[in-house]
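These are the residues of each chain, in order.
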Amino acid sequence: MLVKYGGTQTNQQDQYVVLTKMNGLIIINGYTKYLSSINQANRLVEEFKLLNVDVEIKKSTDIIYYYSNNKYIVDLPKYDFVIYLDKDKYLSRILFDNG
């Protein structure tokens, strides 16, 4: 992805930065039965596709984590960002602590 910055003044040249393709994760409630929650995540995926960003949707119940060496470890691939649409404060803290 090529992003333009600079060049706002008449004497400046346009400058560009090359960004690598980003990968993201959207986490929704694992027990939701409301279509509005699922549609919200799907709508975000559509918008990210327009920006050439790959985004995956996972339910919170599908995320595996375990306790080892006095900390929780999350078994997830590395994502550039996570959008957390659940209200489980413990899982969000575990994800935050694991980067």
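These numbers were taken from a predicted model, which means no experiment stands behind them.

Novice: Go over the pairing of strand β4 (residues 54–59), please, and point to the residues and values.
Specialist: Sheet topology note: the strand β3 (residues 23–28)/β4 ladder contains 6 bridges and is parallel. Bridge pairing in β4 places Ile 26 opposite Ile 57. Once you follow β3 into helix α1 (residues 35–50) and on to β4, the crossover reads as right-handed.

Novice: Give me the lowdown on the packing of aromatic side chains, citing residues and values where you can.
Specialist: Remark: the centre distance and the inter-plane angle together describe each pair of aromatic rings, the angle taken between the planes. Tallied over the entire structure, the rule returns 3 aromatic pairs. When the centroid spacing of 5.0 Å and the interplanar angle of 65° are considered together, the rings of Tyr 67 and Tyr 72 count as edge-to-face. Taken together, the ring pairs connect Tyr 65, Tyr 67 and Tyr 72 into an aromatic cluster.

Novice: For α1, give the residues involved together with the corresponding values.
Specialist: For α1, with 16 residues, the first-to-last C-alpha span of 23 Å sits near the 22 Å given by 1.5 Å per residue. For α1, the full list of buried residues reads Ala 41, Val 45 and Phe 48. Projected down its long axis, α1 carries its buried residues within an arc of 65°, all on one side. With respect to the buried face of α1, the exposed residues turned more than 90 degrees away are Leu 35, Ser 36 and Leu 50. The inward-facing, buried residues of α1 abut β3, β4 and β7 (81–84).

What counts, and where the lines are drawn
- Throughout, a residue's number is its position along its own chain's written sequence, starting from 1.
- Reporting in this predicted model follows two pLDDT cut-offs: at least 70 for local features of residues, and 80 or more for side-chain atom pairs to be given and counted; totals over whole chains, interfaces and linings ignore these cut-offs and use all residues.
- Only heavy atoms go into the side-chain values, all of them from the structure, while hydrogens and water stay out.
- Only strands joined by at least two bridges in the DSSP assignment are considered to pair.
- Helix and strand assignments follow DSSP, with helices taken as H or I runs no shorter than four residues and strands as E runs no shorter than two, numbered in order from the N terminus.
- A clockwise path from the first strand over the helix to the second, with the strands pointing away from the viewer, defines a right-handed crossover.
- Aromatic pairs are defined between Phe, Tyr and Trp rings, using the six-membered ring for Trp, whenever the two ring centres lie within 6.5 Å; interplanar angles under 30 degrees are classed as stacked, those over 60 as edge-to-face, and all others as tilted.
- Here the expected length of a helix is defined as 1.5 Å per residue gap, with one fewer gap than residues.
- To sort residues, take the accessible area from a 1.4 Å probe on protein chains only and compare it with the maximum for the residue type: under 20% means buried, over 50% means exposed, and anything in between is partly exposed.
- What the arc describes is the spread of directions from the helix axis to the C-beta atoms.
- The contact criterion used throughout is that any non-hydrogen atoms of two residues lie within 4.5 Å.

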